[in-house]
Amino acid sequence: FESSSMADMAFLLLIFFIVTGSFVLRQGIFFSLPSKTAGSVQLMPNQIVEVYPLNEGFQNEGNVLTRDGFKKLLSERRDSVKDSVLIIYMGKSVRYERLVDTLSVARETGVNRVSLKNADKGGGI
């Protein structure tokens, strides 16, 4: 048993798996923060969508929506209003996974402008 070719085989296998493997470049939710030089942005009231993620569902304008209902709302708003902004009000009692789910729905529906606010300070349910 000659072991001198084992290193060659290891490198060939390594190259094979690197070449044939698939790489996921963008996965998850990415944010781009506004620049310091950008001034304030003026929004019309119909451009703003406010949502309060709950431990079970989403609250929008006093209505509790399921994930599908919230997705439908954002899709309809995206089609009717240009450059809408989603404002997410998070409270301390709401689980973090609800924020991730809210951002996932926003990404799925094509909403690119998102603002996060603390529901416990100045804008509660």
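Refer to the structure printed above.
Residues numbered from 1 in each chain as written. Predicted model: local features only at pLDDT ≥ 70, side-chain atom pairs only at ≥ 80, totals over all residues. Heavy atoms only, no water.

1. Topic: the nonpolar core
Filter applied, for reference: We define a nonpolar core as any set of buried Ala, Val, Leu, Ile, Met, Phe, Trp, Tyr and Cys residues linked to one another through side-chain atoms lying within 4.5 Å. Residue burial is assigned from relative accessible area. The probe radius is 1.4 Å, only protein chains are included, and a residue is buried under 20% of its type maximum, exposed over 50%, and partly exposed in between. Helix and strand labels come from DSSP, where a helix needs a run of H or I of at least four residues and a strand needs a run of E of at least two; each type is numbered from the N terminus. Residue contacts follow a heavy-atom distance rule, with two residues in contact if any of their heavy atoms lie within 4.5 Å.
Counting residues in hydrophobic clusters, the biggest one holds 14 residues, and the most contacted among them are V51, F70, L74, L86 and I88. At the level of secondary structure, the elements contributing two or more residues to this core comprise strand 1 (48–53), helix 2 (67–80), strand 4 (85–90) and helix 3 (96–109). In terms of residue count, the dominant contributor to this core is helix 3 (four residues). L74 has contacts with V49, L86, V105, A106, T109 and V111, leaving out every residue within four places of it along the chain. If you look at the next biggest cluster of nonpolar residues, it comprises five residues, including V85, I87, Y89 and A119.

2. Regarding a nonpolar patch on the surface
For clarity, the threshold we go by: Surface patches are drawn from residues lacking salt bridges whose relative accessible area is over 30%; two like charges belong together within 9 Å, two nonpolar side chains (Val, Leu, Ile, Met, Phe, Trp, Tyr) within 5 Å. Method for areas: the Shrake-Rupley scheme with a 1.4 Å probe, in which residue coverage is limited to the protein chains shown. Any Lys or Arg side-chain nitrogen located within 4 Å of an Asp or Glu carboxyl oxygen qualifies as a salt bridge.
Side chains of F11, L14, I15, I18 and V19 sit close together on the surface and give an oily, nonpolar patch of about 530 Å² of accessible area. Within the secondary structure layout, I15 lies in helix 1 (residues 6–20).

3. Topic: the side chain of R98
Of note, R98 is situated in helix 3. Accessibility expressed as a relative area gives 11% for R98, which makes it buried. Setting aside chain neighbours within four positions, we find R98 in contact with P53, L54, N55, G57 and F58.

4. Regarding the sheet that holds strand 2 (residues 58–60)
Short version of the rule: Pairing between strands requires that DSSP locate at least two bridges from one strand to the other. Angles here are taken between N-to-C directions and fall from 0 to 180 degrees, while the axes themselves are lines fitted to C-alpha atoms, restricted in helices to the stretch in contact.
Strand order in the open sheet made by the five strands is 3-2-1-4-5, with mixed pairing throughout. Strands with a single pairing partner mark the edges of an open sheet, and in this sheet they are strand 3 (63–65) and strand 5 (113–118). The sheet shows a mean angle of 30° between the axes of neighbouring strands, direction not considered. Strand direction decides the pairing type here: strand 2 and strand 3, joined by three bridges, are antiparallel. Residue pairing across strands places F58 opposite L65, the latter belonging to strand 3. In the packing of helix 2 onto the sheet, contacts are made with strand 1, strand 2, strand 3 and strand 4, and the angle to strand 1 comes to roughly 170°. This element, helix 3, spans strand 1, strand 2, strand 4 and strand 5 of the sheet and lies at about 170° to strand 4.

5. Some words on the pattern of salt bridges
In total, this model carries six salt bridges according to the counting rule given. In this structure, the salt-bridge partner of R78 is D79, at a minimum N-O distance of 3.2 Å. Note on D79: relative accessible area 59%, which makes it exposed. The closest approach of N and O atoms between R98 and D101, which form a salt bridge, is 3.1 Å.

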